[in-house]
Amino acid sequence: MSRIGRAPVTLPANVTVTTENGVITVKGPLGTLKQDYDAENISISVEGNVAHVTRANDEANIRAKHGLYRALLQNMVVGVTQGYEKGLTVNGVGWKVAQTGKDITLSVGFSHPVVFKAKEGITLTAVSPTEITVKGIDKVAVGQTAATIRSIREPEPYHGYGIAYKGEVIERKEGKTAGK
């Protein structure tokens with residue numbers, strides 16, 4: 001058995017999990033999340049405040065899905081109760097971030113400011129002129145949005161300029177040296 005797949009998912013009192021036609025629905029205080037799953041080979045049962053994920057057989061691809069759907073269910077439960085958050089920092093001379101309604105405007109060394117529009121279910125906040133916070137209940141959407149913002153100006157290794165995740169360590173390279 002998969003160590004991840006066989007672990008039960010504990011449900012807080014204010015969270016409900018339902019399965020119908022191959023779709024898991026998790027409702028909680030912060031919202032509702034839905035996820036498709038392989039209902040033919042994976043079954044999800046809720047007993048009291050605990051959800052269990054079981055598989056039909058021991059084929060390799062079914063074993064992989066067993067752990068996957070249990071992890072996705074756990075992420076959904078955490079998302080509707082606590083939510084997810086990613087931080088980004090902007091590093092560059094004269095580079096800054098500004099809040100414009102629900103969107104953010106990035107001045108990151110281009111000849112024009114870049115406006116990044118917030119997707120549904122995602123909250124973008126310019127905490128300071130050099131910090132951005134991405135919040136939401138869907139772990140995948142929060143991570144993808146943060147990665148998309150980072151890809152606007154990825155950190156470069158010589159000066160460290162760019163948009164990096166909070167706490168990310170940028171490997172620095174030595175610049176050119178004068179010849180003899």
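Calculation rules
- Residues numbered from 1 in each chain as written.
- Predicted model: local features only at pLDDT ≥ 70, side-chain atom pairs only at ≥ 80, totals over all residues.
- Heavy atoms only, no water.
- Core = buried A, V, L, I, M, F, W, Y, C linked by side-chain atoms within 4.5 Å.
- Buried < 20%, exposed > 50% of the residue type's maximum accessible area, 1.4 Å probe, protein only.
- Helix = DSSP H or I, 4+ residues; strand = E, 2+ residues; numbered from the N terminus.
- Pairing = 2+ DSSP bridges.
- Axes fitted to C-alpha atoms, helices over the stretch in contact; angles between N-to-C directions.
- Contact = heavy atoms within 4.5 Å.

### Here's the deal with the nonpolar core
At step 1: With 21 residues, the main nonpolar core has Ile104, Leu106, Ile132, Val134, Ile149 and Ile163 as its most contacted residues.
At step 2: Contributions of two or more residues to this core are made by strand 7 (84-91), strand 9 (103-107), strand 10 (114-116), strand 11 (122-128), strand 12 (131-136) and helix 3 (139-152).
At step 3: Per element, the largest residue contribution to this core is four residues, and it comes from helix 3.
At step 4: Formed by 19 residues, the second largest nonpolar core is a distinct cluster that contains Leu11, Val15, Leu73 and Val80.

### Notes on the sheet that holds strand 9
At step 1: Spatially, the three strands line up as an open sheet ordered 8-9-10, and their pairing is antiparallel. Only two strands of the sheet have a single partner each, and these edge strands are strand 8 (96-100) and strand 10. Averaged over all pairs of adjacent strands, the angle between strand axes in this sheet comes to 25°, irrespective of strand direction.
At step 2: The pairing of strand 9 with strand 10 spans three bridges and is antiparallel. The residue of strand 10 that forms the bridge with Leu106 is Val114.
At step 3: Where helix 3 meets the sheet, its contacts fall on strand 9 and strand 10, and the angle it forms with strand 10 comes to roughly 175°.

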